[in-house]
Amino acid sequence: MPNSVGGSPQGQKTALAMSTIAFTVCFAVWTIFAIIGIQIRQDLNLSETQFGLLVGTPILTGSLIRVALGIWTDRYGGRVVFTATMLAAAVATFFLTYATTYPQMLIAALGVGIAGGSFAVGVAYVSRWYPPEKQGTALGIFGAGNVGSAVTKFLAPLVLVAFGWHAVAQVWAGALVVMAIIFWFTTKDDPVLVERRRTGEKPKSTWMELEPLKNVQVWRFSLYYFFVFGAFVALALWLPQYLINVYGVDIRAAGMIAAFFSVPASLFRAYGGHLSDVYGARRVMYWTFMVSVVATFVLAYPPTDYVVQGVKGPIAFHAEMGLIGFTVTVFILGFFMALGKAAVFKHIPVYYPKSVGSVGGLVGMIGGLGGFVLPIVFGLLLDLTGLWTSCFMLLFLIALGSLTWMHLAIRQMEKEAVGEKLAELPFFPEMKGMGEGVRKPVKENTTILTDWRPEDPAFWNEKGRAIARRNLWLSIPALLLSFAIWQVWSVVVAKLPLVGFNFTTDQLFWLAALPGLSGATLRIFYSFMVPVFGGRLWTTLTTWSLIIPALGIGYAVQNPDTPYVILLLLALLCGFGGGNFASSMSNISFFFPKAEKGNALALNAGLGNLGVSVVQFVVPLAITAGIFGGLGGDPAMVASATGEAPLWLQNAGFIFVPFIILAALGNWFGMNDIASAKASFAEQAVIFQRKHNWIMCWLYTGTFGSFIGYSAGFPLLTKTLFPDVNVLQFAFLGPLVGALSRSGTGWLSDKFGGGRVTFWAFVLMMIGVSGVLYFIGVKDQPNAFWGFFASFLLLFFATGVGNASTFQMIPAIMGKEMGRLMPQATAEERRLQAEKESAAITGFTSAIAAFGAFFIPKGYGTSIMLTGGPEAALWSFLIFYVTCLVITWAVYTRKGGLLYDLERGRMSPTAATA
C-alpha cells in the first residue's frame, strides 16, 4: 500500500494547517510545567531533583504513549485519534488544579503528558496526505507546532502573575477542548484510510506494525532524535528556572528569553524540512551537530573566579557569559535543533511508508524520553556539582558523540564504495538497507567528487580546473585567518605592558613563542586528518576552532590582573591556527595536476601566509577604535605622544570573529571531498619509511620555519634592540614580502625546478642573516635600523621563495620515487600513491618546520638572557642554512642527484611517474 494515494490539494492544506495548530496547542499544554512548575516548587518546597521529576513526568507519558498512538493512527485514522488525544489531555489538565500534594501532582502530570503523544498521531496523519517528495516540507511545517512551548513561555507567566497557576491550567485545558472540536469538524479522514475502507482491506495487526522496529538502524536513528528533540524539550522546560537563578531575571523576563530558544527551535523546523527535501537530510544533520557542539561548548563554561597567589598578593580573574551572549547562543542552538528535527523525520515515511505510525512513534518516543530523562539528570547534576552549566556540559558530550559516530559511520561506508557504488548510497548512508524506494533529494550531493582525474587534460580543462580553483580560493581565506590567529600574540605581547600587564622580557618572549610550539605539534596530527575525515569537513571544523582563542584573547586582555598562566593557555590555543596549515596544504595538493601543483600550493600557502602580515597591520589599527561599541568592552587609557588615549586591546581577538564565521560557512557550502583521496592513518604512515620525508623536513624548516619564526619574533626583537622605533608601523612589511614572494614565485619552481630554486633561496638567506648580524653590531650608529630592516626584508623574501620551491619538490620527488618503489604497479596506481604520500609529506614537513615559530623567538630570548644580545641565535641560524644548502645540492640538484634530469628537461614529470 502506498503511503499516500493522492489527497486533493484542498484536503492537504486543511489537514496540514489544522494538524499544525492542534499540535501547537498540545505542545503548549505538554510543556506547561516549565512555567507553573516554578510556582508549584515554591508552594511545595521541592528540591531540584523533585522539580526535575515533576517537569519531566508529562514528557515521560507523552513519549511512551507515542508508539501506541502511532499504531492506532495507522489502524483507525488520525482524525479520530487526534481528537480523542486532545480531549483526554484536557480532562487531565483541568483536574491538575485539584492536586494539593506532590504525589497528586505527579499523577496529574502523567495525564497532562497525553498531549505530547499527539506528535506521533500528526506525523502519520499528515504524511498520508502528501507524496514522498513533499513529505519533508509538510512534516517540517507540522513539527513547527513545537512553537507551542514558546506560546506557554510568552503567555503563561502573564496569566500566572495575574490569576495564579490554577488559572493557567484551566485556560490551557479549555483551549484543548475548543481545538478538539474545531479539528473534528474541519478535517477529513486521510486518503489511505478512505481507500482501505473502500476496498474492505483490514488493517495490519499490531505485531506487523511493530515488525520494522527490529531494525537496529531505527534505534540508531532514534538516538539522533534524542538530542535534537529530547534536548530541545529538556531545555524548554529547564531554561526559565536557569535564567531566574543564574541571571536573576523575573519569571516574565525568563519566559521571554527562553522563548528565544523555543521559537527558532520550532518555527524553523518547517525550513529544515524544505532543506531536507532539496539538499538531503545528511547535510542538514551535519550542520545540526557541528553547530550544536560549538554552542553547547560555549554555554557549558561555568562562571569562574581564578585566584592566583602572586608575589604582590592574590590575583583575581573572572570569566562568565553575559545574558546577551547567552540569549544569542541559545537562539542559534535552537535554530539548528529545528533543522535537525526535520531532517530526522524526513526519512521515516520514505523508508517505512507502511509503518509511519509505529516507526515514527518509536523515534518520537526515544526523543521524548530525552525530554523526560534530561531534566531529571540536569537536576541531579546540579545537586551533585552545584554548577548550573553542568546541563550544557552533558549536552556537549551527547552532541559531540553523535557527530563523531555519524561521521565515522558515513566515512567508512564511503571509503568502501567509490565511483558508481558511492553514488548509489542513501543520503543517510548508515541507514543503508532500511527499506525500498529511497528517493534522492532534488539537489544531489555534489560535495563528494567520485570521479577525479586531474592528470587527464580533457577532464581537467572541461571540469576539473574550475572545481579545483573554487576549492583553492575558499581555502585561502580560511588559511589566512588561521595564520592571523596563530601570530596575533606577536602584536599583543608588544602592547601588554601599556595596558597594565607587568611581565619580564623572557615571559613576553614565551608568549610570542608558545603558539609556534602548539601549532607545530598540532600540525603533526593535522597532516593526516584530511584523508580520514575529508577536506571539506576538516577545513570547516578547524576554521570554527579559531573562534576559541579569538574570543579568549578578547576577554583576557581587558583585565591586567589576568594570571600569566591564562595568557599562556591562550597562547597555546592560538596553535589551532598553526595546525591548520598542514591539513590545508594536504587538501589542496589532491586537487591539482603536477604541472600546476607548485603554483597552486604557492598561492594557498603564500596568500595564507599573508595572515601574518594582516594581523600585524590590522590589529594596530583595530585596537585604536571602539569598533564593537558596548559589546566590545571598555578601553584602557594609555600614555601617548599627545597625552592619554583609549586602547581597545581586546579588538586584537574580536576583530577576526565575524570573518572566521564567514570563512567556515564558505568552506562547508563551497568545498569538496575527493573520494579517491580517502586513506587511514596507517596507510599514510608509510611516509615515515621514506628518507626524503625527513630530508624535506630539514629543508622546509630552513625556509618556512625561518619565515614563521622571524614573523613571530621580529616585532619584539626590534622593540628590544631599537626601543625608539615604533616597530608596529613596519612589522607587517616583512611577512607581507615573504607571503607575496611565496605566492608570486611558484611558477619559477614549475618552470625551472624546485630544487634549483631552493638552492638559490638558501644563498639569499645566508646573505640576509649576515646583514642582520652586521647591523646589530653597529646598531648605535645613525640609520643602522634601516640596514637591519632591509636585511630582514631580504630574509623574508628569500624564505617566501624557498617555501614555494620546497613544496614543489615534494610531488616531483615522490612521483619519481614511485617508479622505484612500485615497479609492478600501473601508472595510475603509482600516480594515486604518489598523490597520497605527497599530501602526507607536505603536511608532515609543514608540521616539523612550524617549530621554527617557537625556536626562533625563544632562541632570541635565551640568547639575550645568556649573552646580552641575539647574535648567538643568529649565528646558529646561519650555520643551519649552510647545512640546508649542502643537502639540497648533494641530494637533489647536482649531476646525478634525484631531480637533476627532471629539472633540466631531460625527463618529463609524466615519464618520471610512469
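Calculation criteria
Residues numbered from 1 in each chain as written. Predicted model: local features only at pLDDT ≥ 70, side-chain atom pairs only at ≥ 80, totals over all residues. Heavy atoms only, no water. Helix = DSSP H or I, 4+ residues; strand = E, 2+ residues; numbered from the N terminus. Buried < 20%, exposed > 50% of the residue type's maximum accessible area, 1.4 Å probe, protein only. Contact = heavy atoms within 4.5 Å. Areas by Shrake-Rupley, 256 points an atom, 1.4 Å probe, with all protein chains shown as cover. Phe/Tyr/Trp six-rings, centres within 6.5 Å; stacked < 30°, edge-to-face > 60°. Lys NZ or Arg CZ within 6 Å of the ring centre and 35° of its normal. Core = buried A, V, L, I, M, F, W, Y, C linked by side-chain atoms within 4.5 Å. pLDDT = per-residue confidence, 0-100. Axes fitted to C-alpha atoms, helices over the stretch in contact; angles between N-to-C directions. Parallel < 35°, antiparallel > 145°, perpendicular 65-115°, else oblique. Left-handed = near helix turned anticlockwise from the far one by under 90°. Nonpolar A, V, L, I, M, F, W, Y, C, P; charged D, E, K, R; others polar. Patch = residues over 30% accessible without salt bridge, like charges linked within 9 Å, V, L, I, M, F, W, Y side chains within 5 Å. Salt bridge = Lys/Arg side-chain N within 4 Å of Asp/Glu carboxyl O. Polar contact = N/O pair within 3.5 Å; in protein donor to acceptor, adjacent residues only side chain to side chain. Expected span 1.5 Å × (residues − 1).

Engineer: Please explain the overall build of the chain as it appears in this structure.
Structural biologist: Of the regular secondary structure elements, the chain holds 43 helices and 6 strands. Counting the 914 residues in the chain, one finds 61% classified as buried. When contacts within the chain are restricted to residue pairs at least 6 apart in sequence, those whose partners lie at least 24 apart make up 84%. Counting every atom, the chain has about 33,700 Å² of accessible surface; 67% of that belongs to carbon and sulfur.

Engineer: Got a minute to help me understand the packing of aromatic side chains in this structure?
Structural biologist: Here a ring pair, both rings aromatic, is described through the centre-centre distance and the interplanar angle of the planes. Under the defined criterion, the tally for this structure stands at 49 aromatic pairs. Each ring, one from Phe 23 and one from Phe 27, has its centre 5.6 Å from the other, and the planes form 80 degrees; the classification is edge-to-face. Here Phe 23 pairs with Phe 27, and both are found in helix 1 (residues 9-30), just 4 residues apart, close to one helical turn. Exposure class is identical for Phe 23 and Phe 27. Each is buried. Ring centres 6.3 Å apart and planes at 55 degrees place the aromatic pair Phe 880 and Tyr 881 in the tilted group. The exposure class of Phe 880 is partly exposed, given its relative accessible area of 21%. Exposure remark for Tyr 881: the relative accessible area of 1% places this residue in the buried category. By the ring-pair criterion, three or more aromatic residues cluster together here, those being Phe 707, Tyr 710, Phe 722, Phe 785, Trp 786, Phe 788, Phe 789, Phe 792, Phe 796, Tyr 860 and Phe 877. One Lys or Arg, Arg 79, reaches over the ring of Trp 184 and ends 3.8 Å from the middle of that ring. A cation sits over an aromatic face here: Arg 536 above Trp 668, 3.7 Å from the ring centre.

Engineer: Which parts of the structure should I look at to understand the nonpolar core?
Structural biologist: A general tendency of soluble globular proteins is for nonpolar side chains to be buried together. Within the largest apolar cluster, 261 residues are counted, with the highest numbers of intra-cluster contacts made by Trp 489 and Leu 496. Top element by residues in this core is helix 12 (residues 216-247). It accounts for 16 residues. Those residues in contact with Trp 489 that sit more than four places away from it in its chain are Leu 496, Leu 511, Pro 515, Ile 553, Leu 567, Leu 570, Ala 571 and Cys 574.

Engineer: Sorry, what's going on with the environment of Met 321 here?
Structural biologist: With respect to the helices, strands and loops of the structure, Met 321 is situated in the loop between strand 2 (313-319) and helix 17 (323-346). For the pair Met 321 and Tyr 301, spaced 20 residues apart in sequence, the C-alpha to C-alpha distance is 8.0 Å. In this view, Met 321 contacts Tyr 247, Val 298, Leu 299, Phe 326 and Thr 329; residues no more than four positions away in its chain are not counted.

Engineer: How should I be thinking about the confidence of the model for the chain in this particular structure?
Structural biologist: Caution applies to low-pLDDT parts of the model: their predicted coordinates are not meant to be read in detail. Put simply, the chain has an average pLDDT of 77, and 82% of its residues get 70 or more. Below a pLDDT of 50 lies the segment residues 205-210, which in the model reaches 12 contacts outside its immediate sequence neighbourhood of four places, other chains included. Note on residues 425-443: pLDDT under 50 across the span, and 54 contacts to partners over four residues away in sequence or across chains.

Engineer: Just checking my understanding: could you explain unusual backbone geometry for this structure?
Structural biologist: A negative phi holds for most residues other than glycine; trans holds for most peptide bonds. Positive phi is not limited to glycine here, since Asn 45 has a value of about 55 degrees. A relative accessible area of 68% means that Asn 45 is categorised as exposed.

Engineer: Sorry if this is basic, but what is going on with the packing of helix 4 (residues 78-95) against helix 6 (residues 118-127) here?
Structural biologist: Between two packed helices, both the angle of their axes relative to each other and the distance between the axes serve to describe the pair. Running from N to C, helix 4 and helix 6 point in directions that differ by 160 degrees, and their axes come no closer than 9 Å. By the angle between their axes, helix 4 is roughly antiparallel relative to helix 6. In this structure, the crossing between helix 4 and helix 6 has a hand that is left-handed. Facing helix 4, whose interface residues are Gly 78, Arg 79, Val 81, Phe 82 and Thr 85, helix 6 presents Ser 118, Val 121, Gly 122 and Tyr 125. Along the lines of polarity and charge, the residues of the contact of helix 4 with helix 6 split into 4 nonpolar, 4 polar and 1 charged.

Engineer: How do you make sense of a nonpolar patch on the surface when you look at a structure like this?
Structural biologist: Among the surface-exposed residues, Trp 72, Tyr 76, Val 80, Leu 87, Val 177, Ile 181, Trp 184 and Phe 185 lie close enough to one another that they form a single nonpolar patch of about 790 Å² accessible area. Those elements giving two or more residues to the nonpolar patch turn out to be helix 3 (48-76), helix 4 and helix 9 (165-186). Looking at which element gives the most residues to the nonpolar patch, the answer is helix 9, with 4 residues. With respect to the helices and strands, the residue Trp 184 is situated in helix 9.

Engineer: Is there a simple way to explain the pattern of salt bridges in this structure?
Structural biologist: When the charged atoms of two side chains lie near each other, side chains of opposite charge can form a pair. Within this structure, the stated rule accounts for 4 salt bridges. Residue Asp 190 pairs with Arg 128 through a salt bridge whose shortest N-O separation is 3.4 Å. Here Asp 190 is found in the loop between helix 9 and helix 10 (191-199), whereas its partner Arg 128 is found in the loop between helix 6 and helix 7 (132-143), with 62 residues between them in sequence. Both residues of the pair, Asp 190 and Arg 128, belong to the buried class. The residue Arg 465 makes a salt bridge to Glu 596 at a minimum N-O spacing of 3.2 Å. Note that Arg 465 is positioned in helix 22 (residues 457-486) and Glu 596 in helix 30 (residues 594-622), a separation of 131 residues in sequence. For Arg 465, a relative accessible area of 22% corresponds to the partly exposed category. With relative accessibility at 24%, the residue Glu 596 sits in the partly exposed group.

Engineer: Quick question: what am I supposed to make of the side chain of Asp 190 here?
Structural biologist: Take Asp 190: its relative accessible area is 0%, and that puts it in the buried class. A distance of 3.4 Å separates polar atoms of two side chains, one belonging to Asp 190 and the other to Arg 128. Each residue touching Asp 190, except ones within four places of it in the same chain, is listed here: Gly 77, Gly 78, Tyr 125, Arg 128 and Trp 129.

Engineer: Can you walk me through the packing of helix 34 (residues 691-721) against helix 41 (residues 871-893) in this structure?
Structural biologist: At a minimum axis distance of 10 Å, the contact between helix 34 and helix 41 shows a crossing angle of 140 degrees. By crossing handedness, the relation of helix 34 to helix 41 is classed as left-handed. When helix 34 is examined against helix 41, the residues His 692, Ile 695, Met 696, Trp 698, Leu 699, Thr 701, Gly 702, Ser 706 and Tyr 710 are found in contact with a partner set consisting of Phe 877, Phe 880, Tyr 881, Thr 883, Cys 884, Ile 887, Thr 888, Val 891 and Tyr 892.

Engineer: For this particular structure, what's the right way to read the environment of Leu 374?
Structural biologist: Inspection of the secondary structure assignment puts Leu 374 in helix 19 (residues 356-385). A relative accessible area of 3% places Leu 374 in the buried class. Between the C-alpha atoms of Leu 374 and Ala 231, which are 143 residues apart in sequence, the distance is 7.0 Å. Not counting the four nearest positions on each side in its chain, Leu 374 is found in contact with Phe 226, Gly 230, Ala 231, Ala 234, Leu 369, Leu 394, Leu 395 and Ile 398.

Engineer: For this particular structure, what's the right way to read the side chain of Arg 830?
Structural biologist: In this structure, Arg 830 sits in helix 39 (residues 827-849). Given a relative accessible area of 6%, Arg 830 falls into the buried group. Within the structure, the side chain of Arg 830 is placed 3.3 Å from the backbone oxygen of Met 822, a separation counted as a polar contact.

Engineer: I tried to follow helix 41 on my own but got confused; where do I start?
Structural biologist: Owing to its 3.6 residues per turn, the α-helix aligns residues three or four sequence positions apart on the same side. Over its 23 residues, helix 41 extends 32 Å from the first C-alpha to the last, a length consistent with the 33 Å expected when each residue adds 1.5 Å. Turning to helix 41, its buried residues number three or more, namely Ala 873, Leu 874, Phe 877, Leu 878, Tyr 881, Cys 884, Leu 885, Thr 888, Tyr 892 and Thr 893.

Engineer: Is there a simple way to think about the environment of Tyr 76 in this case?
Structural biologist: In this structure, Tyr 76 sits in helix 3. Note on Tyr 76: relative accessible area 44%, which makes it partly exposed. Each C-alpha atom, one on Tyr 76 and one on Asp 189, is 9.4 Å from the other, the two residues being 113 residues apart in sequence. Setting aside chain neighbours within four positions, we find Tyr 76 in contact with Leu 193, Arg 196 and Arg 197.

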